[in-house]
Number of protein chains: 2
Amino acid sequence: MATSEASVTRIMVAVNESTIKGYPHASISSKGAFEWTLQKIVMSITSGFKLLFLHVQVPDEDGFDDMDSIYASPEDFKSLKSRDRARGLRLLEFFVTRCHEIGVACEAWIKKGDPKEVICHEVKRIQPDLLVLGSRGLGPFQRVFVGTVSEFCVKHAECPVVTIKRRLDETPQDPVDD
Amino acid sequence: MATSEASVTRIMVAVNESTIKGYPHASISSKGAFEWTLQKIVMSITSGFKLLFLHVQVPDEDGFDDMDSIYASPEDFKSLKSRDRARGLRLLEFFVTRCHEIGVACEAWIKKGDPKEVICHEVKRIQPDLLVLGSRGLGPFQRVFVGTVSEFCVKHAECPVVTIKRRLDETPQDPVDD
């Protein structure tokens, strides 16, 4: 089925790194949201959809990762920035490679900032048909402390939003991890 | 494309009557949610999806519609019940006819009760892949007074939920109407 750009459904998937391992793996809920989109929406109609992967890097979070590093010159910060960039790129590579294998058109990019604000801003700019978000599926008590990006985006993003809750059997030891 | 039942994506669409006209029209937001599902998700892949239309009738609401009626015998209530039933059936006929025209498999049924509770209960029973809900897209001030079914279902339904906000140019004079 040949599909013109106008009739292609553009689905934005916001993805982030796992908090569990050091290597920039995709988080469990990001992978869940991506797999759900492929299996339930895209199915075998690869030409009917375009996936837009947005990864938002949190500047402060990166600082924490480098608590033991010593910054003595502007060069040290430059190498830090390029390391962040490399991690983000490897994360996006996971999703883009998968799409390439099955023949789904995609684009991926990185932004810095507060994920919930940046995602809503990018939705406004890109105007996708649907935003898919993974969610850890935390209870109300846990949510108070960690906040959830998905709850904010469901309320504020200017496009339909679907939240894919993490499967119970994939919950890590600490459910706040992902 | 022939698709076995197992690989079909089952999308539940909760639909309700318009509050504006006397005839059981579909509400603006129900129609919007349905059209969005057809245009953005189902597209030309009619064999890959099955739509499940759930209409929840609110018992009290029907009482209001019949303020001027006089109930003198059990028979009067029986005719009231069958009239409710007829209204609900005509509402569902709109969606089922449309699906039939374009060749999308569907099922439709009516339940009585509190829409948000019944929708979540039916999701648990039917286990659809996705629940699509229309929403009036009211502001926070209006929401306090009218409540929203979609907000409740996003939190409590045991499947991914996507809320389709009513288009601004379709907002009736009183935005609480639909």
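For the structure given in this document, a descriptive report is provided here. (Residues numbered from 1 in each chain as written. Chains lettered and ligands numbered in written order. Predicted model: local features only at pLDDT ≥ 70, side-chain atom pairs only at ≥ 80, totals over all residues. Heavy atoms only, no water.)

**A word on the relation of the copies chain B and chain A**
Mapping chain B onto chain A leaves a residual RMSD of 0.0 Å; the transformation is a rotation of 180° accompanied by 0.0 Å of translation along its axis. Such a combination of rotation and displacement between the chain copies is what one expects of a two-fold axis. Measuring from the rotation axis to each C-alpha of chain B, the shortest distance belongs to Val-162 of chain B, at 2.4 Å. Most of the interface of chain B is mirrored in chain A, where 100% of its interface residues again form contacts. (Least-squares fit on C-alpha atoms with pLDDT ≥ 70 in both. Contact = heavy atoms within 4.5 Å.)

**Examining the side chain of Ser-135 of chain A**
Residue and element names in this part refer to chain A. Assignment of secondary structure puts Ser-135 in strand 4 (residues 130-135). On the basis of relative accessibility, which here comes to 11%, the residue Ser-135 falls in the buried class. In this structure Ser-135 touches Ser-29, Ser-150, Thr-163, Ile-164, Lys-165 and Arg-166, once residues within four positions along its chain are discounted. (Helix = DSSP H or I, 4+ residues; strand = E, 2+ residues; numbered from the N terminus. Buried < 20%, exposed > 50% of the residue type's maximum accessible area, 1.4 Å probe, protein only.)

**What to know about the side chain of Gln-57 of chain A**
Along the chain, the position of Gln-57 of chain A falls in strand 2 (residues 49-57). Side-chain polar atoms of Gln-57 of chain A contact the side chain of Lys-112 of chain A, separated by 3.3 Å. (Polar contact = N/O pair within 3.5 Å; in protein donor to acceptor, adjacent residues only side chain to side chain.)

**Description of the environment of His-156 of chain B**
Note that His-156 of chain B resides in helix 6 (residues 149-156). For His-156 of chain B and Leu-131 of chain B, which are 25 residues apart along the polypeptide, the C-alpha to C-alpha distance reads 12 Å.

**A look at helix 4 (residues 115-126) of chain B**
All names here are of chain B. Helix length check: helix 4 (twelve residues) gives 16 Å between terminal C-alpha atoms against 16 Å at 1.5 Å per residue, within 8%. Where the residues of helix 4 are buried, they touch strand 1 (9-15), strand 2 (49-57), strand 3 (105-112), strand 4 (130-135) and helix 6. At the C-terminal side of helix 4, Gln-127 shows a positive phi close to 50°. (Expected span 1.5 Å × (residues − 1).)

**A short note on the nonpolar core**
Where a protein is soluble and globular, its nonpolar side chains tend to be buried together. Formed by 48 residues in total, the largest nonpolar core has its most connected members in Leu-51 and Phe-53 of chain A together with Leu-51, Phe-53 and Val-132 of chain B. With residues near it in sequence (within four places) discarded, Phe-53 of chain B still touches Val-13, Val-15, Phe-34, Leu-92, Phe-95, Cys-99, Cys-106, Glu-107, Ala-108 and Trp-109 of chain B. (Core = buried A, V, L, I, M, F, W, Y, C linked by side-chain atoms within 4.5 Å.)

**Considering the interface of chain B and chain A**
With 24 residues of chain B at the contact, the number on the chain A side is 24 residues. Buried area between chain B and chain A, summed over both chains or domains, comes out near 1800 Å², and the portion from carbon and sulfur atoms is 62%. If you look at where chain B meets chain A, you find two salt bridges. Between Lys-40 of chain B and Asp-129 of chain A there is a salt bridge; the shortest N-O distance is 3.0 Å. (Buried area = accessible area lost by both parts, 1.4 Å probe. Salt bridge = Lys/Arg side-chain N within 4 Å of Asp/Glu carboxyl O.)

**Here's the deal with unusual backbone geometry**
Peptide bonds are trans in most cases, and residues, glycine excluded, mostly fall at negative phi. The backbone of Gln-127 of chain A shows a phi angle near 50°, a positive value even though the residue is not glycine. Structurally, Gln-127 of chain A is set in the loop between helix 4 (115-126) and strand 4.

**What about the packing of helix 4 of chain B against helix 6 of chain B?**
Residues and elements named next belong to chain B. Running from N to C, helix 4 and helix 6 point in directions that differ by 30°, and their axes come no closer than 9 Å. The chirality of how helix 4 crosses helix 6 is right-handed. Counting all contacts with helix 4, which are made through Pro-115, Lys-116, Glu-117, Ile-119 and Cys-120, the residues of helix 6 involved are Val-149, Phe-152, Cys-153 and His-156. When the residues that make up the contact of helix 4 with helix 6 are grouped by side-chain class, the tally is six nonpolar, one polar and two charged. (Axes fitted to C-alpha atoms, helices over the stretch in contact; angles between N-to-C directions. Left-handed = near helix turned anticlockwise from the far one by under 90°. Nonpolar A, V, L, I, M, F, W, Y, C, P; charged D, E, K, R; others polar.)

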